[in-house]
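Observations on the model geometry
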Amino acid sequence: MTKIKSLDDLRQKKQQLEQSLDIREKSDHPENLVQIKVAMATCGIASGARTVMNALVEKIKKENIPAVVTQTGCMGYCYAEPTVEVTKPGFDPVVFSYVDVKKAEEIVDKYILNNELIDGILPANYQTI
Amino acid sequence: MNDLALHLLDIVQNSLGAGATFIAVHIDENPRNNTLSMSVEDNGCGMNEEQLQKLSDPFFTSRTTRRVGLGVPLLRQTAEQSGGNLEVVSQPGKGTCLKACFQYDHLDRPPLGDVANAMVLMISANTGVDFAYRYTYNGKSYEISTLQLKDALGDTPLNDLYIMEMIEEMIKENQNDLKVCQIE
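Okay, so let's go over this structure. (Residues numbered from 1 in each chain as written. Chains lettered and ligands numbered in written order. Predicted model: local features only at pLDDT ≥ 70, side-chain atom pairs only at ≥ 80, totals over all residues. Heavy atoms only, no water.)

**Regarding the overall build of chain B**
Scanning chain B from N- to C-terminus turns up 6 helices and 6 strands. Of the regular secondary structure in chain B, the N- to C-terminal order runs α-β-β-α-α-β-β-α-β-β-α-α. Relative to the globule expectation of 16 Å for 184 residues, the C-alpha radius of gyration of chain B, 17 Å, shows essentially globular dimensions. C-alpha extents for chain B along the principal axes are approximately 45 × 45 × 25 Å. Residue burial in chain B is summarised as follows: out of 184 residues, 53% are buried. Contacts in chain B between residues far apart in sequence, at least 24 positions, make up 61% of those at least 6 positions apart. On chain B, roughly 8,500 Å² of surface is accessible, and the fraction owed to carbon and sulfur atoms is 48%. (Helix = DSSP H or I, 4+ residues; strand = E, 2+ residues; numbered from the N terminus. Rg over C-alpha atoms; globule rule 2.2 N^0.38 Å. Buried < 20%, exposed > 50% of the residue type's maximum accessible area, 1.4 Å probe, protein only. Contact = heavy atoms within 4.5 Å. Areas by Shrake-Rupley, 256 points an atom, 1.4 Å probe, with all protein chains shown as cover.)

Dropping the structure here:
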């Protein structure tokens, strides 16, 4: 596999990908996606949110889950960072606390894929505005 | 914070909080002059004099979820303990420019960390915001912006996982090249 170095390489590689149908058309149905938000304020970053975010990205790619991973700010649960909020289509958001790489994989395996709740869920007493 | 890339993620979060639509990040590594600097410039809502003065006060924050704000004070501490400084210039309504300088070979300077990965995470998590990234090593630069990326990729979203991986690889390759070309 050749290395990608320029925008042209990137363009070519993208076309190859599209031909092998690896790219999902996400923008068409955003409401059908699992939304994963990683809290990335100072508190989250300092306790390892970036590792968690990378692990989540890696995992949903491996499992081929239609999901988007985004960042959010601090929700006031600094003591429980890193926190991850998962919103499955048609479900209320669920916030998981003390997430590390292992827990991130557990969230994907148990909650996202099998609807099973796991330890460490924070009570959702806030509303997104 | 273990490395400077984590500080970068944190500072950019401030820019996003200020409603920025364009954020320019510049990392300037210059072992020859023994300096390392990191700057973040945004077009967010900016800060007034009073807010600027209180910026390094850990008990000042514009957020309502909690009463402490450690992002900028931590970065200032890191910069000052490694023989550098932190400058913030801001104009209400126009935007903010933050620049942290470090002494390159200072024992207390944290490693730069994985900036390419940090950039890709920020770009993919905030598709509505445009980013520009410039990496300079001993005066030679590599530049990339989301405008160029969007142009190259057409309507493929930047937060596609395979695309993210490709962009990260591209940034890393080019950064390595800048370094390799200059081994003396």
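**Here's the deal with the packing of aromatic side chains**
For the coordinates displayed, the defined rule picks out 2 aromatic pairs over all chains. When the centroid spacing of 6.4 Å and the interplanar angle of 80° are considered together, the rings of Tyr77(A) and Tyr79(A) count as edge-to-face. According to the relative accessible area criterion, Tyr79(A) is exposed, its value standing at 54%. For Lys61(A), the ring lying beneath its charged end belongs to Tyr162(B), and the centroid distance is 5.5 Å. Sitting over the ring of Phe91(A), Lys88(A) keeps its end group 5.5 Å from the ring centre. (Phe/Tyr/Trp six-rings, centres within 6.5 Å; stacked < 30°, edge-to-face > 60°. Lys NZ or Arg CZ within 6 Å of the ring centre and 35° of its normal.)

Nothing here speaks to function; it is geometry throughout.
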